[in-house]
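Read off the chains here:
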Amino acid sequence: MAPTSSPTDASDDIRRVLGIEGTAWAASAAVYEVETDGVTIESDPYQPESGGIHPREAAEHMSEAVPSVVETMLAEARAQAADDVGRAPEEPPIDAVAFSRGPGLGPCLRIVGTAARAVAQRFDVPLVGVNHMVAHLEVGRHYSGFDAPVCLNASGANAHVLAFRNGRYRVLGETMDTGVGNALDKFTRHVGWSHPGGPKVEAHAKEGEYVDLPYVVKGMDFSFSGIMSAAKDEYDAGTPVEDVCRGLEETVFAMLTEVSERALSLTGREELVLGGGVGQNERLQGMLREMCEQRGAELHVPENRFLRDNAGMIAVLGAKMAAAGDTLAIEASAIDSDFRPDEVAVSWRAGDSEADPAPAASTRVDAGETAAQQGAEATVSVEGDRVVKRRVPRSYRHPALDERLRRERTRVEARLTSEARRCGVPTPLVLDVDTAESTIVFQRVGDRDLDAGLTAERARAVGRHLATIHDAGFVHGDPTTRNVRVGSAGGGAAGESSADGDDRVFLIDFGLGYHTGHEEDHAMDLHVFAQSLAGTADDADRLQAAAEDAYRATSERGETVLDRLRAVEGRGRYQ
Ligand SMILES: C[C@@H](O)[C@H](NC(=O)OP(=O)(O)OC[C@H]1O[C@@H](n2cnc3c(N)ncnc32)[C@H](O)[C@@H]1O)C(=O)O
Ligand SMILES: Nc1ncnc2c1ncn2[C@@H]1O[C@H](COP(=O)(O)OP(=O)(O)OP(=O)(O)O)[C@@H](O)[C@H]1O
Ligand SMILES: [Fe+2]
């Protein structure tokens, strides 16, 4: 949302900010002091007597607890302000009030909004409306000192991977159903444990043996519902609850780690920040740490008090927004329970030109060169006109899960690459497969990845190719701009154009593909492509429109699938 008033260089005037949080369970207020970079937080959690969070009960809690934590933090602000150089005693102790504007439970948000407006009017200071999800990751970025990290948000009602680009936090991947914490909480309710379930899953998992559960990653998106029903079935069938908890952690957190690694690989960035209440889980932190170490990336894990819902993160981001003049008029300060992070026009990073780094050139297989590279999943080496792809073990994953994924994906990739080719979609020839070693030898195709040579014509070809395989009954599973090769035709020497000079567009990396006739799955392929365009191209909308036009013209069910795509994109996941 655009700033509604812009005081000239407000930055010097912002010394201390009051933050208020209350999107679901944490009634919380905080004071952030800019000069010392210090945060004081006072929270009063809502604890349901039975079951999960009841919106009405949560709102009742907020209406009692919010005013009281706010008064406690105003007293703290007054004590701090007494030491301010040059502040007259009659001046207000705070210079702005920031509140969680959304996403969250409407009845709770309204109470927070009302409290924030009242304080702003009482002290006659600016009001700042903060996006709760952006606050979860900005607090990590603030204390990490990173410039352009990929951000993994693992919270109760959400789960997504974001990266800043072109003035906004872009959603690179997200849950297709529930948030990660809610998924864990649903399982623990089934078992009869009290809310919140996440910490109980962590404690029991420590005593358990790993059990296999479904693993669902589609590009950089993922879903939890299948895993959760399988976990409940395991429990009902008598598998010890400790083992199910262990299986849940190993599966769900490996998925989040894998998509984070994909996001790092796709964007070429080398910094990762963790956010959200589930981020307090030590197994998740350990997996992320190991993944980052393996690829030479840096990880920042905020203190627990900044991971779970808290007003500190609201105050820290609120101070930056207030300094940028990004404040709200009282009459324009309505809450927004579906407030998505990519709706926020980022006002406080105006000078951040470094935030759009180009993907590292060294990670590419370019024409005419013999090189090995580490992709998100595999090591790919070029040997003349052949490419050897080996899925290397990922030590952050449980060994049993790691083996299963590498074997399955190798088998699927070899099969679907050939199947697509038989439907007339350009793909590399599969020259050799060794499932035990998770290795495939391919014909080398193209002279660059699509992200290094994006044109509308090539985007159209991707739309056509996806339509063709969908009509043949399967999906690619991960059709990003890095999984499309363009340039010279396959078979000849690398870098050489084919005889008729046509520009071929090859699909590669079918390891996440599967057979399916569901429109939802077909739409997901298009959604994954759209998200990767948004993450790599400035004119993503135009390129996506080209791909969709071609898809509509090619597929028997083009219109239906595109309707479904619109539904996938518009799905609110914050209720
Ligand atoms: C919109 C907002 O209200 C929402 N907030 C939220 O979900 O609270 P947060 O504090 O970020 O996360 C709470 C979740 O975090 C889980 N959790 C807490 N400690 C955990 C642990 N050690 N292991 C796994 N999950 C844990 C809880 O079970 C619960 O589901 C959100 O950020 O999505
Ligand atoms: N047959 C091929 N011909 C030419 N280049 C290829 C071929 N296969 C792979 N590559 C190159 O290697 C890179 C990584 O390959 P691939 O996507 O299959 O591995 P990955 O580890 O699954 O990567 P990611 O998970 O990042 O998509 C591709 O982006 C491409 O540049
Ligand atoms: Fe949260």
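Residues numbered from 1 in each chain as written. Chains lettered and ligands numbered in written order. Predicted model: local features only at pLDDT ≥ 70, side-chain atom pairs only at ≥ 80, totals over all residues.

Things to note about the UniProt feature "domain: Gcp-like" (unreviewed entry) in the protein
Okay, so step 1: When the UniProt feature table is mapped onto this chain, "domain: Gcp-like" (unreviewed entry) is found at residues 40-315.
Okay, so step 2: Secondary structure across residues 40-315 comprises 51% helix and 18% strand; the distance between its end C-alpha atoms is 10 Å. (UniProt positions renumbered as here; feature names shortened; annotations may be inferred. Helix = DSSP H or I, 4+ residues; strand = E, 2+ residues; numbered from the N terminus.)

Describing the sheet that holds strand β20 (residues 484-487)
The strands that make up a sheet are held in pairs by hydrogen bonds between backbone atoms, and each pair lies either parallel or antiparallel.
Okay, so step 1: Pairing within the open sheet is antiparallel, and its 3 strands lie in the order β18-β20-β21. At either margin of the open sheet sits one strand with a lone partner, and together these are β18 (448-449) and β21 (504-507).
Okay, so step 2: Sheet topology places β18 next to β20; 2 bridges connect them, and they run antiparallel. Across the sheet, residue Asp449 finds its bridge partner in β20, namely Arg485. (Pairing = 2+ DSSP bridges.)

Remarks on the sheet that holds strand β5 (residues 127-131)
Okay, so step 1: Sheet architecture is open: 5 strands sit in the order β3-β2-β1-β4-β5, paired in mixed fashion. Because the sheet does not close on itself, it has two edges, and the strands there are β3 (38-45) and β5. For this sheet, the mean inter-axis angle between neighbouring strands, taken without regard to orientation, is 20°.
Okay, so step 2: Bridge analysis of strand β4 (residues 96-102) against β5 gives 5 bridges, and the strand direction is parallel. Each residue of the ladder has a partner; that of Ala98, found in β5, is Val128.
Okay, so step 3: Of the strands in this sheet, β4 and β5 are in contact with helix α3 (residues 132-144), which crosses β5 at around 85°.
Okay, so step 4: The strands touched by helix α10 (residues 311-323) are β1 (16-21), β2 (26-33), β3, β4 and β5; relative to β1, the strand with the most contacts, the crossing angle is about 130°. (Axes fitted to C-alpha atoms, helices over the stretch in contact; angles between N-to-C directions. Contact = placed C-beta atoms within 7 Å.)

Structural notes on the site of ligand 1
Okay, so step 1: Taken together, 27 residues lie around ligand 1, and Ser155, Gly156, Gly181, Gly198 and Gly277 are the ones closest in.
Okay, so step 2: Elements represented by at least two residues in the shell around ligand 1 include exactly α4 (180-191) and α5 (198-205).
Okay, so step 3: Across the shell around ligand 1, the residue classes break down as 8 nonpolar, 15 polar and 4 charged. (Near = placed C-beta within 6 Å. Nonpolar A, V, L, I, M, F, W, Y, C, P; charged D, E, K, R; others polar.)

Topic: the UniProt feature "binding site: ATP" (unreviewed entry) in the protein
Okay, so step 1: The UniProt feature table records "binding site: ATP" (unreviewed entry) at Ala372, Gln373, Gln374, Gly375, Ala376, Glu377, Ala378, Thr379, Val380 and Lys389. Spanning 18 residues, the named residues form one tight spatial group whose C-alpha atoms are at most 13.4 Å apart.
Okay, so step 2: Positionally, Gln373 belongs in strand β13 (residues 372-374).
Okay, so step 3: Setting aside residues up to four positions removed in sequence, Gly375 forms contacts with Ser265 and Val380.

Here we look at the domain arrangement of the protein
Okay, so step 1: The domain boundaries assigned to the protein delineate domain 1 (10-140 + 308-353), domain 2 (141-301) and domain 3 (361-570).
Okay, so step 2: A straight line from the C-alpha centre of domain 2 to that of domain 3 covers 25 Å.
Okay, so step 3: Opposite the 29 residues of domain 2 that make contact, domain 3 presents 23 residues.
Okay, so step 4: Residue assignment for the side of domain 2 that touches domain 3 shows that the elements contributing at least two residues are β7 (159-165), β8 (168-174), β9 (217-218), α7 (241-267) and α8 (282-295).
Okay, so step 5: The dominant element in the side of domain 2 that touches domain 3, judged by the number of residues it contributes, is α7, at 9 residues.
Okay, so step 6: Of the residues contributing to the side of domain 2 that touches domain 3, the split by class is 11 nonpolar, 9 polar and 9 charged. (Domains from an automatic or database assignment.)

Re the nonpolar core
Okay, so step 1: Counting residues in each nonpolar core, the largest one holds 116 residues, and the members touching the most others are Leu18, Ile20, Val97, Ile314 and Ala315.
Okay, so step 2: Here this core spans two domains, and each of domain 1 (10-140 + 308-353) and domain 2 (141-301) adds at least three residues to it.
Okay, so step 3: Beyond its immediate stretch of four places on either side in the chain, Ile314 contacts Gly19, Ile20, Glu21, Ala30, Ala98, Phe99, Ser100, Val130 and Ala135. (Core = buried A, V, L, I, M, F, W, Y, C linked by C-beta atoms within 7 Å. Buried ≥ 20, exposed ≤ 12 C-beta atoms within 10 Å, placed from the backbone.)

Looking at the pairing of strand β6 (residues 150-154)
Okay, so step 1: For β6, the buried fraction is high: 5 of the 5 residues fall into the buried class.
Okay, so step 2: Pairing analysis gives 5 bridges linking β6 to β7, with the strands arranged antiparallel. Paired with Cys151 across the bridge in β7 is Leu162.
Okay, so step 3: Between β6 and β7, which pair antiparallel in sequence order, lie 4 residues.
Okay, so step 4: As judged from the 4 bridges shared by β6 and strand β11 (residues 271-275), these two strands associate in the parallel manner. Pairing of Cys151 across the sheet is with Val273, part of β11.

Regarding the packing of α4 against α5
Okay, so step 1: Two numbers describe how α4 lies on α5: the axes approach to 8 Å, and their chain directions differ by 70°. As far as their axial angle goes, α5 and α4 are roughly perpendicular. Counted together, Gly181, Leu184, Asp185 and Thr188 of α4 and Gly198, Lys200 and Val201 of α5 form the full contact between these two elements. (Parallel < 35°, antiparallel > 145°, perpendicular 65-115°, else oblique.)

A short note on the site of ligand 2
Okay, so step 1: In the neighbourhood of ligand 2, 22 residues make up the surrounding shell, with Gly375, Ala376, Ala378, Pro428 and Asp509 lying closest.
Okay, so step 2: Counted by class, the shell around ligand 2 contains 9 nonpolar, 4 polar and 9 charged residues.

As for α10
Okay, so step 1: Relative to the 18 Å expected for 13 residues at 1.5 Å per residue, α10 spans 18 Å between its end C-alpha atoms, a close match to the ideal helical length.
Okay, so step 2: For α10, the tally of buried residues reaches 13 of 13 residues, placing the bulk of the element in the interior.
Okay, so step 3: Among the residues trailing α10, Gly325 stands out with phi positive, at a value near 80°. (Expected span 1.5 Å × (residues − 1).)

A short note on unusual backbone geometry
Okay, so step 1: Here the amide bond leading from Gly102 into Pro103 is cis, since omega sits at 0°, within 30 degrees of zero.
Okay, so step 2: Relative to the assigned elements, Pro103 resides in the loop between β4 and α2 (106-123).
Okay, so step 3: With an omega of -5°, the peptide bond running from His195 to Pro196 counts as cis.
Okay, so step 4: Positionally, Pro196 belongs in the loop between α4 and α5.

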